[in-house]
Amino acid sequence: MATQYHSSYDPENSASHYTFLPDQPDSGHRKSLKIISGIFLSSFLLLSVAFFPILNNQSPDLQSNSRSPAPPSRGVSQGVSDKTFRDVVNASHVSYAWSNAMLSWQRTAYHFQPQKNWMNDPNGPLYHKGWYHLFYQYNPDSAIWGNITWGHAVSKDLIHWLYLPFAMVPDQWYDINGVWTGSATILPDGQIMMLYTGDTDDYVQVQNLAYPTNLSDPLLLDWVKYKGNPVLVPPPGIGIKDFRDPTTAWTGPQNGQWLLTIGSKIGKTGIALVYETSNFTSFKLLDEVLHAVPGTGMWECVDFYPVSTEKTNGLDTSYNGPGVKHVLKASLDDNKQDHYAIGTYDLTKNKWTPDNPELDCGIGLKLDYGKYYASKTFYDPKKQRRVLWGWIGETDSESADLQKGWASVQSIPRTVLYDKKTGTHLLQWPVEEIESLRAGDPIVKQVNLQPGSIELLHVDSAAELDIEASFEVDKVALQGIIEADHVGFSCSTSGGAASRGILGPFGVVVIADQKLSELTPVYFYISKGADGRAETHFCADQTRSSEAPGVAKQVYGSSVPVLDGEKHSMRLLVDHSIVESFAQGGRTVITSRIYPTKAVNGAARLFVFNNATGASVTASVKIWSLESANIRSFPLQDL
């Protein structure tokens, strides 16, 4: 029998100072076009032929110039990001005869995903009465985007999850076309304010308020939508389909004042609008934007939070003061990448300024250089850390998703810290709880890899692994080479791990078959310019990850700082069709989706390699097999 909960919080009758206003938009919803125009104007003031010749052969699906049209996009017509975007750089839209065994193998073992159907953005993560809560965009009807509902799951440790009933469904005029992305703000008295974007019956993006009916319920099973919704509508000068994804609010300089930001654009300038409120039902648009970057297009899923430059713990969203920087993150609708920048926030002026204009939000660093989007952080008071979630979409065909009955997973939650050594990067690292899945002691291996060599590492199952690897390049070769080839190296245009240079590539090959007809190398590549200065690149090569057509086959990656005294280090979380790769303690991160046809089940293999032409490399590797996480429905008798 379902447990009966009694409401302890009724905003319409609450005696708290968070006063709820009548069922009409506040005048603060409308700012003059002059102000918006002013905002706009101010925004402008592997591997090689030596050991795998087959890698130099072009994949069959790349040899044909005739391609079917891309599947029709979903979401754009309703005013939200294209939810079927695929990395089609090296992918044709040719169907493949997937077997049930292949598709079953693709399902992950320890990444969160629903039991079936479509999932996208993580929403409103929070910690409440001993439970971590994750809400997520979900289609209860199909493995493609549509009918977006808020799924809900809880966990004690961010690894093992219980599915709960839906938190919110699209059932009101202001969200009938989708309960879209939102964020939670926890007030000092414990109240939880969940602001989310709704798509109205006229396809207008509006912001709505919801809250739990009973805060004493640790599972937060029941949610109520505020009867005065929407609490925010697009202001003049902002497109009705360019106003979405409210952030967690932070305290303003005045007593009882809260501030939050919402993503938008004016022309091609991405902007973060800022609203103030004292009750979360009436809002005032501030005259100045938090920040704007010309040429970056629509900013979705904006995130804004502090990081400590002195300590190793995370900070609550409202924290400000000495020894603090602020991170501004935007998911760019134009390129489907999550960009971030580190800067200084002036709370009084409500302006954020990047430390380095060349690394401004949208034109500089990315949270993840692979398949990763719509990320969201929250502050975990239990362990005093900031935790990052991200949506990992598919890069196979929509027909394959329908055949297997599901699409997308969530990333392993990551802690986020300021990189005190570089002062320019964040450090992302898998939450420590993932180590609870390690099965026994690691396999420890040290291998001297001569140029053009590869070595098999024997593991029981290469499909579920936690790998830590470090590499030492021969110092004589590294220091003796004044100028390496491939000056101006870029992972995406390099040709992958088969493209050899004097000082790279070298790294780890995951999800490969014994004959290396399918393989995914994750590697470092060192280039040197005319000044003799070395630059290290961290790449993940999917060009030979699958023999199937219609799946993405490209090379992801970017440069990564490797400081004096540091080894080249990486950590890989391998989970069937997803690989999350972290370089140099998390300065650069790459998430890959792979769909092999041969390297599945017991056929998957693991290798280390050195495809450099002029330097030997010593690899030191620790490998843990990982058990599956327990992700299941909450027992019905307990609800």
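Model, not experiment: these values are computed from the prediction.

(A) Highlighting the overall build of the protein chain. Within the protein chain, the regular secondary structure consists of five helices and 36 strands. Across the 639 residues that make up the protein chain, the buried fraction comes to 62%. A total accessible area of about 23200 Å² is found for the protein chain, and carbon and sulfur atoms account for 50% of it.

(B) Summary view of the side chain of H568. Turning to its location among the elements, H568 is positioned in strand β31 (residues 568-575). Overall, the relative accessible area of 7% leaves H568 in the buried class. Excluding residues within four positions of it along the chain, H568 makes contact with A469, S470, F471, V473, F506, F524, I526, T536, V562 and Q584.

(C) Spatial organisation of the environment of D338. Counting through the fold element by element, D338 comes out in strand β16 (residues 337-346). D338 gets classed as buried once you look at its relative accessible area, which sits at 0%. Spatially, the C-alpha atom of D338 lies 8.5 Å from that of Y369, the residues being 31 residues apart in sequence. Among all residues touching D338, those that are not within four sequence positions of it are K329, A330, S331, L365, K366, L367, D368, Y372, Y373, A374 and S375. One polar contact links D338 to S331, side chain to side chain, over a distance of 2.6 Å.

(D) Representation of the packing of aromatic side chains in the model. Within the structure shown, the criterion is met by 28 aromatic pairs. Measuring from centroid to centroid gives 6.1 Å for W150 and Y196, while their planes differ by 55°, and the two rings are tilted. Here Y196 lies in strand β6 (residues 192-199) and W150 lies in strand β3 (residues 149-155), a separation of 46 residues in the sequence. Residue classification places Y196 among the buried positions, given a relative accessible area of 0%. Aromatic side chains F243 and Y275 sit 6.3 Å apart centroid to centroid with 65° between the ring planes, which places their arrangement in the edge-to-face category.

(E) Representation of the state of the cysteines within the structure. For the structure shown, the criterion picks out one disulfide. Shown here is the disulfide that connects C491 with C539, its sulfur atoms set 2.1 Å apart. Here the S-S torsion is close to -70°, and the disulfide linking C491 with C539 is therefore left-handed. Within this pair, whereas C491 is found in the loop between α5 (475-480) and β27 (506-512), its partner C539 is found in strand β29 (residues 534-541), the two being separated by 48 residues in sequence. For C491, a relative accessible area of 3% corresponds to the buried category. Take C539: its relative accessible area is 0%, and that puts it in the buried class.

(F) Examining the nonpolar core more closely. Residues L426, I467, F471, V508, V510, M570 and L606 are the most contacted members of the largest nonpolar core, which totals 60 residues. Here this core gets five residues from one element, more than from any other, and that element is strand β26 (residues 464-473). L426 has contacts with Y305, V307, V327, Y340, I342, L367, V416, L417, Y418, D419, G586 and R587, leaving out every residue within four places of it along the chain. The next biggest cluster of nonpolar side chains, apart from the first, holds 26 residues, and it includes M119, A153, I159 and F378.

(G) Geometry of the confidence of the model for the protein chain. Mean pLDDT for the protein chain: 88, with 85% of residues reaching 70 or above. Low pLDDT, under 50, characterises residues 1-37; the predicted model gives this stretch 77 contacts beyond four residues in sequence or across chains. For residues 88-92, every residue scores under 50 in pLDDT, and the model assigns this stretch 19 contacts once sequence neighbours within four places are set aside.

(H) Representation of the sheet that holds strand β15 (residues 324-332). One open sheet holds the four strands; their spatial order is β14-β15-β16-β17, and the pairing between them is antiparallel. The open sheet has two free edges, formed respectively by β14 (299-308) and β17 (351-354), since each of these has just one partner strand. On average, each strand axis in the sheet is inclined to that of its neighbour by 40°, with strand direction left out of account. Both β14 and β15 contribute to a ladder of eight bridges, which runs antiparallel. Bridge pairing in β15 places V307 opposite K325.

(I) Inspection of the sheet that holds strand β4 (residues 161-168) at higher detail. Strand order in the open sheet made by the six strands is β20-β1-β2-β3-β4-β36, with mixed pairing throughout. At either margin of the open sheet sits one strand with a lone partner, and together these are β20 (406-407) and β36 (631-633). Two strands pair when backbone bridges link them, and strand β2 (residues 131-139) and β3 are joined in this way by seven bridges, in the antiparallel orientation. Looking at β3, one finds that Y136 is bridged to G151.

(J) Focus on the pairing of β6. Within β6, eight of the eight residues are buried, leaving the element largely enclosed by the surrounding structure. In β6, alternate side chains face the same way, and those of I192, M194, Y196 and G198 on one face and M193, L195, T197 and D199 on the other are all buried. Where strand β5 (residues 179-186) lies against β6, six bridges are found, and the strand directions are antiparallel. Counted as the bridge partner of V179 is G198 from β6. Here β5 folds back onto β6 in antiparallel fashion, the turn holding five residues, of which G190 has a positive phi close to 95°. The loop that links β6 with its antiparallel partner strand β7 (residues 205-212) comprises five residues; one of these, Y203, has a positive phi angle of about 60°.

(K) The arrangement of the pairing of β3 in detail. Counting buried residues in β3 gives seven out of seven residues, a clear majority hidden from the surface. Side chains T149, G151, A153 and S155 of β3 all project onto a buried face; the interleaved residues W150, H152 and V154 project onto the opposite face, where all are buried too. Across five bridges, β3 lies against β4 in antiparallel orientation. When the bridges of β4 are listed, S155 appears paired with W161.

(L) Representation of the environment of A469 within the structure. Position of A469 among the secondary structure elements: in strand β26. A residue is classified by how much of its surface remains accessible, and A469, at 4% relative accessible area, is buried. Along the chain, A469 and R571 lie 102 residues apart, while their C-alpha atoms are 6.3 Å from each other. Leave out the neighbours within four places in its chain, and A469 touches V508, H568, S569, M570, S620 and V621.

(M) Geometry of the pattern of salt bridges. Taken as a whole and judged by the stated rule, the model has 28 salt bridges. Two residues, D466 and R438, come together in a salt bridge whose shortest N-O distance is 3.0 Å. Here the residue D466 occupies a position in strand β26, and R438 occupies one in the loop between β23 (426-430) and β24 (443-449), the gap between them amounting to 28 residues. The pair D466 / R438 is uniform in exposure class, with both members buried. Where E468 meets R438, a salt bridge forms, and the shortest distance between an N and an O atom there is 3.5 Å. On the criterion of sequence distance, the pair formed by E468 in strand β26 and R438 in the loop between β23 and β24 is long-range, its members being 30 residues apart. Among the charged side chains, a salt-bridge network with shared partners connects D380, K383, R385, E432 and E433.

What counts and what doesn't
Residue indices begin from 1 for each chain and proceed along its sequence in written order. It should be noted that, the model being predicted, local features are given only for residues of pLDDT at least 70 and side-chain atom pairs only at 80 or more, the latter also being counted only at that level, while totals for whole chains, interfaces and linings use all residues. Think of the side-chain values as coming from all heavy atoms in the structure, minus any hydrogens and water. Helix and strand assignments follow DSSP, with helices taken as H or I runs no shorter than four residues and strands as E runs no shorter than two, numbered in order from the N terminus. A simple rule labels every residue: compare its accessible area, found with a 1.4 Å probe on the protein chains alone, to the largest value its type can have, and call it buried under 20%, exposed over 50%, or partly exposed in between. Areas reported as accessible are Shrake-Rupley estimates using a 1.4 Å probe. Residue values count occlusion only from the protein chains shown. Any two residues whose heavy atoms approach within 4.5 Å are treated as being in contact. In protein, a polar contact means a hydrogen-donor-capable atom and an acceptor-capable atom, both N or O and within 3.5 Å, with residues adjacent in sequence counting only if both atoms are side-chain atoms; elsewhere, any N or O pair within 3.5 Å suffices. For Phe, Tyr and Trp, rings pair up if their centres lie within 6.5 Å, where Trp contributes its six-membered ring, and each pair is then called stacked (planes under 30 degrees apart), edge-to-face (over 60) or tilted (otherwise). Two cysteine sulfur atoms make up a disulfide if the distance between them is within 2.5 Å. Grouping buried Ala, Val, Leu, Ile, Met, Phe, Trp, Tyr and Cys residues that are joined through side-chain atoms within 4.5 Å yields what is termed a nonpolar core. pLDDT gives the predictor's per-residue confidence on a scale running from 0 to 100. Strands qualify as paired when DSSP identifies two bridges or more between them. As a rule, the C-alpha atoms of each element are fitted with a line to give its axis, helices using only the stretch in contact, and angles between N-to-C directions run from 0 to 180 degrees. Whenever a carboxyl oxygen of Asp or Glu lies within 4 Å of a side-chain nitrogen of Lys or Arg, that contact is scored as a salt bridge.

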